[in-house]
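Observations on the model geometry
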Amino acid sequence: MPATPAWPPRSTPRLFVETPLALGASVPVEGGQAHYLVSVLRLKAGDPVKLFDDATGEWLGIAASVGKRAVVLDVTQQLRPREPVPDLWLCAAPIKKGRIDWVAEKAAELGVARLVPVLTRRTVVDRLNVERLRAHMIEAAEQCDRTALPDLADPVKLDALLRDWPADRALFFADETGGTSAAAAMAAHLGPAAILIGPEGGFDEAERTAIRAVPRAVGIGLGPRILRAETAAAAAIAVWMSAAGDWQ
């Protein structure tokens, strides 16, 4: 007897939608997403699409109507609830355009709960396209089967970030002058945490002094090699996920 094909097929496209999802809902899809479904994937009426809204999990939508510029998907079942997200923030100084986009993408893939752009004295990027960063996170989540997105905060100056730092959240900052082994420090400080990564030129001495003055701040080292800012961000997230996150 032939095996019953999996439903929905593994090749089913996934889309993030702003519309709240629930059983029986009709979800309109327009603009670039509709173009992708109709012109690129050749979606037809009756075809499945996986949907997630960053709130209720992943759902199965069935194409009820397909036009050149718009698609309507009927939500027929919940495939899984929203995933649990480890309580980790990434506070990162904006860097050059392509690299900060990469940081946002990897933060979404690796399971960061919140991305906070931090403006430092040596930050060379004076304008940050927050909408573009969010688009990169959405694309990463769509491709990696995630049902949750990092919260994307507005850019904040370093002094304001430190002034309002939550008393219950550890602050691991990548200190280019040296610090405790990242793996050891993170294993010793479990619970809500954040990773602070500086710009291409690093923190200046006054900034390092201000960071160290935060009661929960811990300077960490990321090995013997010099890392670019974006590499340091991904490496530090990976170490935290291994020590205290959902890789255990």
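Attention in this report is confined to the structure presented alongside it. (Residues numbered from 1 in each chain as written. Predicted model: local features only at pLDDT ≥ 70, side-chain atom pairs only at ≥ 80, totals over all residues. Heavy atoms only, no water.)

Helix and strand counts for the protein chain stand at seven helices and 13 strands. In terms of principal-axis extent, the alpha carbons of the protein chain reach across some 65 × 40 × 30 Å. Across the 248 residues that make up the protein chain, the buried fraction comes to 46%. Expressed as a percentage of contacts within the protein chain between residues at least 6 apart in sequence, the contacts between residues at least 24 apart total 74%. Taken as a whole, the protein chain presents about 12600 Å² of accessible surface, with 53% of it coming from carbon and sulfur. (Helix = DSSP H or I, 4+ residues; strand = E, 2+ residues; numbered from the N terminus. Buried < 20%, exposed > 50% of the residue type's maximum accessible area, 1.4 Å probe, protein only. Contact = heavy atoms within 4.5 Å. Areas by Shrake-Rupley, 256 points an atom, 1.4 Å probe, with all protein chains shown as cover.)

On to the side chain of D53. Mapped onto the fold, D53 is located in the loop between β3 (48-52) and β4 (58-66). It is R82 that comes nearest to the buried, bridge-free D53 among opposite-charge side chains, at 6.8 Å. For D53, the side chain forms a polar contact with the main-chain nitrogen of L21, separated by 3.0 Å. Separated by 2.8 Å, the side chain of D53 and the backbone nitrogen of T56 make a polar contact. Setting aside residues up to four positions removed in sequence, D53 forms contacts with F16, V17, T19, P20 and L21. (Lys, Arg positive; Asp, Glu negative; His and termini not counted. Salt bridge = Lys/Arg side-chain N within 4 Å of Asp/Glu carboxyl O. Polar contact = N/O pair within 3.5 Å; in protein donor to acceptor, adjacent residues only side chain to side chain.)

Judged by pairing direction, the sheet is mixed, and its five strands sit side by side in the order β1-β3-β4-β5-β2 without closing on themselves. Among the strands making up the open sheet, the edge pair consists of β1 (14-16) and β2 (26-30). Here the strands of the sheet are splayed against their neighbours by 40 degrees on average, with no regard to which way each runs. Looking at chain direction, β3 and β4 are connected through five bridges and run antiparallel. (Pairing = 2+ DSSP bridges. Axes fitted to C-alpha atoms, helices over the stretch in contact; angles between N-to-C directions.)

What follows covers helix α1 (residues 31-40). Residues spaced three or four apart along an α-helix point in a common direction, a consequence of the helix completing one turn every 3.6 residues. Every buried residue of α1 is listed here: A34, L37 and V38. Looking straight down α1, one finds its buried side chains confined to an arc of 85 degrees; they lie on one side. More than 90 degrees from the buried face of α1, the exposed residues found are G32 and V40. Where α1 is buried, its residues contact β1, β2, β3, β4 and β5 (70-80). Downstream of α1 by a residue or two, R42 has a phi angle that is positive, lying close to 60 degrees. (Arc of directions from axis to C-beta.)

In this antiparallel pair of consecutive strands, β3 and β4, the connection spans five residues, and D54 shows a positive phi of 65 degrees. Judged from the eight bridges that link them, β4 and β5 form a sheet pairing that is antiparallel. Its bridge partner being in β5, S65 is matched across the sheet by V72. Taken together, β4 and the strand that follows it, β5, pair antiparallel across an intervening segment of three residues.

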